[in-house]
Amino acid sequence: MKVLVIGGGAREHALCRSLSLDPDVTALYCAPGNAGIAEVAELHPVDALDGAAVARLAGELGAGLVVVGPEAPLVAGVADAVRAAGIPCFGPSKEAALLEGSKAFAKDVMASANVPTARSYVCTTPEEIDTALDAFGAPYVVKDDGLAAGKGVVVTADLQAAREHALACDRVVIEEFLDGPEVSLFAITDGVTVLPLQPAQDFKRALDGDEGPNTGGMGAYSPLPWADPKLVDEVMATVLQPTVDELRRRGTPFSGLLYAGLAITSRGVRVIEFNARFGDPETQVVLARLKTPLASVLLNSANGTLDVEPPLTWRDDAAVTVVIASHNYPGTPRTGDRIEGLDGVAAQDAPHAYVLHAGTRREGDTVVSAGGRVLSVTATGKDLTQARERAYTAVSRIRLDGSQHRTDIAEKAASGA
């Protein structure tokens, strides 16, 4: 089949890489893509938020499947426009994507489905904000109700900082702090059947030791040697299937990628948030471990026939991704800096390590930075220790002026700490 992927980040590069290795995929397109994706897919310009334009492009290319990567097009209804044009689309409807587009909506769905999550208040006035902050106390967890590209959450012991963030949002969710390690678990669903993927852990803080501001994610790893072997089954039974069933009951079935951000607390598993698409950078490590060809799974999700899909198969290898970010990220990033060393990774580290592009563009023969998170260096190995070594060896070959990366991705997990 011919596949069109919408988006231009490292998540989309990971998706395109997996699809390019799938023998069922006869042609692969990406819109708008980036400098790295251009090596595995044919790029086309498009406004990813314009559903009519995306549907028109898919029709012109003869695409048999459209995969919408980022959350903003999903919340804007792009998947609906593609389906209305008669083209299968992997990604939820505008109504179902509210699960990510509105934290308050997600809390309402979880309450109806009896899904375990943090106690919370939805606030729209200064008085409600003060009441909620006082009720929960420090550390304060304050979430912008709408889309914020993974950076709309403040967790702080500083009451003033929490209040200022809350007041800057039109509508805000304030909730109790959840202790314990965090886990990301993806599931592919057609609105009825749910296929869980392997869990991963990402690193949100900018600096080593989980210091510094929240980011879109600075690295990830999978598998999780410290996690309960029954974790996926438990989350399927208490979180994923009940949520999918509840959305179908409401008349807004969710098909696509359901992402559960979880806290493994002293009182059990709790949902921190839902996303309506593959997460970045977790996708990079999860797809590195997936053996099952990707295209048929995504197509069966889009067509409502996921029940015919055999169980997913996985490599025993571990995977680690380290994000290289630009100067000043997650503030206003500096762009246009030359990236060197990519050929060295391809020549010396492949196939065990490779570079997925996030914020890049090509200027003549040169690749330059074009965003905050610039590259996702991904490596596999027989265990996390070997995967880490390979990832950081590859990172050391790349030169980007002013760049930053964490040096402790998967370190504790690899050491058994």
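Check the entry above for the structure.
Everything numeric here is computed off the predicted structure, so don't read it as measured data.

A separate point is the overall build of the chain. Each helix and strand in the chain was counted, giving 14 helices and 24 strands. A compact globule built from 417 residues would reach a C-alpha radius of gyration of about 22 Å, and the chain, at 20 Å, matches this within 12%. The principal-axis extent of the C-alpha atoms belonging to the chain is close to 55 × 45 × 40 Å. Counting only residues that meet the buried cut, the chain has 58% of its 417 residues in that class. Taking the intrachain contacts of the chain between residues at least 6 apart in sequence as the baseline, contacts between residues at least 24 apart amount to 69%.

What follows is about the state of the cysteines. Scanning the model with the defined rule gives 0 disulfides in all. Free of any disulfide, Cys-89 has its nearest neighbouring cysteine sulfur in Cys-30, separated by 14 Å. Cysteine Cys-123 is unpaired, with the sulfur of Cys-169 as its nearest cysteine sulfur at 11 Å. On the basis of relative accessibility, which here comes to 2%, the residue Cys-123 falls in the buried class.

For the rest of this paragraph, the subject is the side chain of Thr-215. Examined against the element boundaries, Thr-215 turns out to sit in the loop between β14 (211–214) and β15 (219–222). Residue Thr-215 is classed as buried on the basis of its relative accessible area of 0%. At 2.6 Å, the side chain of Thr-215 and the backbone oxygen of Lys-204 are in polar contact. At 2.8 Å, the side chain of Thr-215 and the backbone nitrogen of Gly-217 are in polar contact.

What follows is about the side chain of Gln-201. Looking at the element boundaries, Gln-201 is found in strand β12 (residues 201–202). There is a polar contact of 2.9 Å between the side chain of Gln-201 and the backbone oxygen of Glu-182. In terms of polar contacts, Gln-201 uses its side chain to reach the side chain of Tyr-221, at 2.7 Å. Each residue touching Gln-201, except ones within four places of it in the same chain, is listed here: Pro-181, Glu-182, Gly-219, Ala-220, Tyr-221, Leu-224 and Trp-226.

As a further point, take unusual backbone geometry. Residue Pro-281 follows Asp-280 across a cis peptide bond; omega there is 25°. With respect to the element layout, Pro-281 can be found in the loop between β17 (268–275) and α10 (282–289). The omega torsion of the bond from Tyr-329 to Pro-330 falls at 10°, within 30 degrees of zero and hence cis. When you line up the elements, Pro-330 lands in the loop between β18 (318–325) and β19 (339–340). Residue Asp-210 is not a glycine yet carries a positive backbone phi of 55°.

It is worth spelling out the sheet that holds strand β2 (residues 27–32) at this point. Strand order in the open sheet made by the 5 strands is β3-β2-β1-β4-β5, with parallel pairing throughout. Of all the strands in the sheet, the pair left with one neighbour each is β3 (42–43) and β5 (89–90). With 4 bridges joining them, strand β1 (residues 2–7) and strand β4 (residues 65–68) adopt parallel strand pairing. Paired with Val-3 across the strands is Leu-65, a residue of β4. Along the sheet, helix α1 (residues 10–20) contacts β1, β2 and β4; its crossing angle with β1, the most-contacted strand, is approximately 170°.

What counts, and where the lines are drawn
- Residues numbered from 1 in each chain as written.
- Predicted model: local features only at pLDDT ≥ 70, side-chain atom pairs only at ≥ 80, totals over all residues.
- Heavy atoms only, no water.
- Helix = DSSP H or I, 4+ residues; strand = E, 2+ residues; numbered from the N terminus.
- Rg over C-alpha atoms; globule rule 2.2 N^0.38 Å.
- Buried < 20%, exposed > 50% of the residue type's maximum accessible area, 1.4 Å probe, protein only.
- Contact = heavy atoms within 4.5 Å.
- Disulfide = S-S within 2.5 Å.
- Polar contact = N/O pair within 3.5 Å; in protein donor to acceptor, adjacent residues only side chain to side chain.
- Pairing = 2+ DSSP bridges.
- Axes fitted to C-alpha atoms, helices over the stretch in contact; angles between N-to-C directions.

The analysis is restricted to geometry; functional conclusions fall outside its scope.
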